[in-house]
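Next come the chains, spelled out residue by residue.
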Amino acid sequence: MSEPLVLDDVRKTFRDFWGRPTVEAVKGLSFAVGPGEVFGLLGPNGSGKSTTIRMLLGLLRRDGGDIRVFGEPPESRRAHAAIGYLPELTHLHPFLTPRETLRYYGRLFGLGGRTLRDRVEDLLRLAGVAHVADRRVGTFSKGMTRRVGLAQALLNAPRLLVLDEPTSGLDPIGTREVKDLILALKSRGIAVLMSSHLLPDVQDCCDRILILDRGVCRAQGRVSDLKEPLEDFFLETVAPTGHVSPLDAAGGLPWLGGGPA
Amino acid sequence: MSALWAELALGWRRAVRGALLSTLLAALALCLLALPGRDDAGLTRTGYGLFLAWGILLVAALWCGGTAYALDRDRHRLSLALTKPIGRWTLWWGRFLGTLAPFAAAVAALWLLTAWRPFPEGRAVLRPTNLPDLSAQAEAWLDGLREQGRVPEGASDSRLLRATRETLETRPAELRPGEAKTYLFPAPSRAGKVTFRLSGRPFLGARDALRLCITAACAGETWTFRPDSLPETALTVDLPSGFAKPGEPLSVTLLREDANDAALILYRERADVALLGPGQSPPANLAAFCLALLLTVAMAAALGTALGCAFSLPVTLFVGTLAFAAAAAATLSPETAVVDEVASVWARASTFISACVAWPFRGLAALDPLGRLMGGEAIGFGAALKLAATAVLPWCAAWSLLAMLSPLTDESR
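A short tour of the structure in this document, coming up.

The rules we used
Residues numbered from 1 in each chain as written. Chains lettered and ligands numbered in written order. Predicted model: local features only at pLDDT ≥ 70, side-chain atom pairs only at ≥ 80, totals over all residues. Heavy atoms only, no water. Pairing = 2+ DSSP bridges. Helix = DSSP H or I, 4+ residues; strand = E, 2+ residues; numbered from the N terminus. Axes fitted to C-alpha atoms, helices over the stretch in contact; angles between N-to-C directions. Contact = heavy atoms within 4.5 Å. Parallel < 35°, antiparallel > 145°, perpendicular 65-115°, else oblique. Left-handed = near helix turned anticlockwise from the far one by under 90°. Nonpolar A, V, L, I, M, F, W, Y, C, P; charged D, E, K, R; others polar. Buried area = accessible area lost by both parts, 1.4 Å probe. Salt bridge = Lys/Arg side-chain N within 4 Å of Asp/Glu carboxyl O. Polar contact = N/O pair within 3.5 Å; in protein donor to acceptor, adjacent residues only side chain to side chain. Core = buried A, V, L, I, M, F, W, Y, C linked by side-chain atoms within 4.5 Å. Buried < 20%, exposed > 50% of the residue type's maximum accessible area, 1.4 Å probe, protein only.

Looking at the sheet that holds strand β1 (residues 5-15) of chain A
Residues and elements named next belong to chain A.
So, step 1. Pairing in this open sheet of three strands is antiparallel, and the strands run β2-β1-β4 from one edge to the other. Each edge of the sheet is formed by a strand with only one pairing partner; in this case those strands are β2 (21-33) and β4 (64-69). Recorded for the sheet is a direction-independent mean angle of 25 degrees between the axes of neighbouring strands.
So, step 2. Bridge count between β1 and β2: eight bridges; the pairing is antiparallel. Bridge pairing links leucine 5 to valine 33 in β2.
So, step 3. Across the sheet, helix α1 (residues 49-56) touches β1, β2 and β4, and the angle it forms with β1 is around 115 degrees.

Here we look at the environment of alanine 301 of chain B
Residues and elements named next belong to chain B.
So, step 1. Tracing the chain through its elements places alanine 301 in helix α9 (residues 282-310).
So, step 2. Residues alanine 301 and tryptophan 223, spaced 78 residues apart in sequence, show a C-alpha to C-alpha distance of 52 Å.
So, step 3. With sequence-adjacent residues up to four places away left out, alanine 301 is seen in contact with Ala61, Gly65, Phe96 and Thr99.

Overview of the packing of helix α2 (residues 20-33) of chain B against helix α3 (residues 44-74) of chain B
All names here are of chain B.
So, step 1. The N-to-C vectors of α2 and α3 enclose an angle of 160 degrees; their axes lie 8 Å apart at closest approach. Comparing their axes, α3 and α2 come out roughly antiparallel. In this structure, α2 meets α3 at a crossing whose hand is right-handed. Across from Leu20, Leu24, Ala27, Leu28, Cys31 and Leu32 in α2, the residues of α3 making contact are Gly49, Leu50, Leu52, Ala53, Ile56, Leu57, Ala60 and Cys64.
So, step 2. The residue makeup of the contact of α2 with α3, split by class, is 13 nonpolar, one polar and no charged.

Brief notes about the interface of chain A and chain B
So, step 1. Facing the 27 residues of chain A at the interface are 26 residues of chain B.
So, step 2. At the boundary of chain A with chain B, total buried surface from both sides reaches about 2600 Å², with 63% on carbon and sulfur atoms.
So, step 3. Broken down residue by residue, the surface that chain A buries against chain B is led by Leu59, Phe95 and Leu108 of chain A, which jointly contribute 25%.
So, step 4. The tally of links between chain A and chain B comes to two salt bridges.
So, step 5. Between arginine 13 of chain B and glutamate 100 of chain A there is a salt bridge; the shortest N-O distance is 3.4 Å.
So, step 6. There are nine residue pairs in polar contact (both at pLDDT 80 or more) connecting chain A and chain B.
So, step 7. Of all elements in the fold, only α2 (77-82) and α3 (98-108) of chain A reach the threshold of two or more residues within the side of chain A that touches chain B.
So, step 8. If one sorts the elements of the side of chain A that touches chain B by residue count, α3 of chain A sits on top with five residues.

A short note on the nonpolar core
As a rule of thumb, nonpolar side chains are buried together in soluble globular proteins.
So, step 1. In terms of nonpolar packing, the biggest core is built from 142 residues, with Leu5, Phe31, Val162 and Leu193 of chain A together with Leu57, Leu110 and Phe289 of chain B touching the most fellow members.
So, step 2. Sort the elements by how many residues they give to this core and α9 of chain B lands first, with 17 residues.
So, step 3. Ignoring anything within four residues of it in the chain, the contact list for phenylalanine 31 of chain A reads Leu5, Val6, Leu7, Phe39, Leu41, Thr52, Leu193, Leu210 and Gln220 of chain A.
So, step 4. Counting residues in each nonpolar core, the second largest holds 28 residues, with Ala216, Leu250, Leu254 and Val273 of chain B among its members.

Geometry only, nothing functional implied.
Below, the structure is given as structure tokens:
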């Protein structure tokens, strides 16, 4: 059986209208995610995490390298049928209710009838939005929209779950529930790729991590092999010269708040 | 199919729960019920209202088609759909049908708002069958122009022939003093009222001095009528009840009995001479008009949806509105000259684009649904459905094909 996800020397450069390169977002990235594994994709802002995720979902064309999702190209329908995706910003149709939203995406997966009906109700309960299932999503808070987004990612019983900042916008209870869910899915053999800035969450859930910085893999390995807290390891990896206060880096900014004490 | 229905339902809900459907219905009601004017016994106000409603629906369909894809893309709502196992064709057709669904409801509402108006019966229009074939005349005329070296350069033979034939068709024929012309008509399909009509303001000059004798013949019977006075506009003569027999061809002879050179009888034989037979009831004729209207709305929605796939939202709306202005002039005007102008512009750009763009509008212009509805002529359901199959569906398919050339991603344009 094919690996859920394999990236091999993947490259992506963004270009302007005239084809001139503007940003080399991903430079020769390689990693794999095995079945039942939770893989963490970490990196500072602008490191190429979202670009990588969009390429492996087929939303963005890569400029080089290969990506395989269960042995299929990421743009293929077979790959899409096996993936559940929660984007970083969950934009849903505001005029739909959660129940209608899940039914809509379920139909896009080819589900219907009793199967879809039962799954929708199950996922509404799982996401904790069953009590507002018939209220329009446009009236929801960010956290509640996120919960609906998570529910739609599970509609097709995915074999690979791609979560971009899964706990973003959730309250502590929601965060705990998501982490428990990820671990439960892992125990059922579902592969999970998650991208997050919340390093404690990553340390709790992930088996392996990859730290991306300016499109390049800086470190990759098992969380259990770390000899220090993940946060320290992360900071050492992306800022090896040590942390500098932003105010000092910008020259003090004496006009801001009356100057230094 | 499940995905197609999902997209259709999404478009429907978007229209119903947003302001679209209610705004459309309000606009239609305004056009059809509240247009100013003192008396609408002649249905003038209703005619203008339908014209306005048609324009509103076309613009709205174009814009809604454009936003169906572009708006979701620009607001980052498309990524979740694009990561599902849904084909590009399904996505496009689903969005297109989802755009069309609320407009179908609006057109049905339009029918309800106007069905109670006293529209004239949709009479079947029978044209003379014994008129000479103009192709030979057109070719002879063109040969003459070629001998004189007056054929424009770069013009294709087929286009010249078509233009020449159309000019000959619209050239008026004169009924001179003492002259008689006989027109043969096909048999009416069923029994009912049959009317001879000579339209287009045929009587010019000293009308009072004109003397016209109209003789109808059918199944060995003849009937003669001499109008006491000739009208300024169209002449309509009801044949006696039971005179026209279903299945029996009918002839009408016009004989000018006066010798007055101060008056003229001029008319276009192909366009102005007709026999009006039993057709379809006013509600049925109105329904056929609504079907034709829906077909043009579908064309606008297809164009808008394809543009929305390729361009950003502002560009889509701008380009779409320009395209609508050109298309509306061709579609809403029954004058084929306008269609020719549109066609000639496109032909200079590309023959292929000309074939794609001009031909559906020719069909719609020839159908002239609004003109027929208000003029009491039958709009054939068969003609409308034939137009759907031969022009509208290929138009929508062509635009969907062009849309497939653009990358259907969720990246902002």
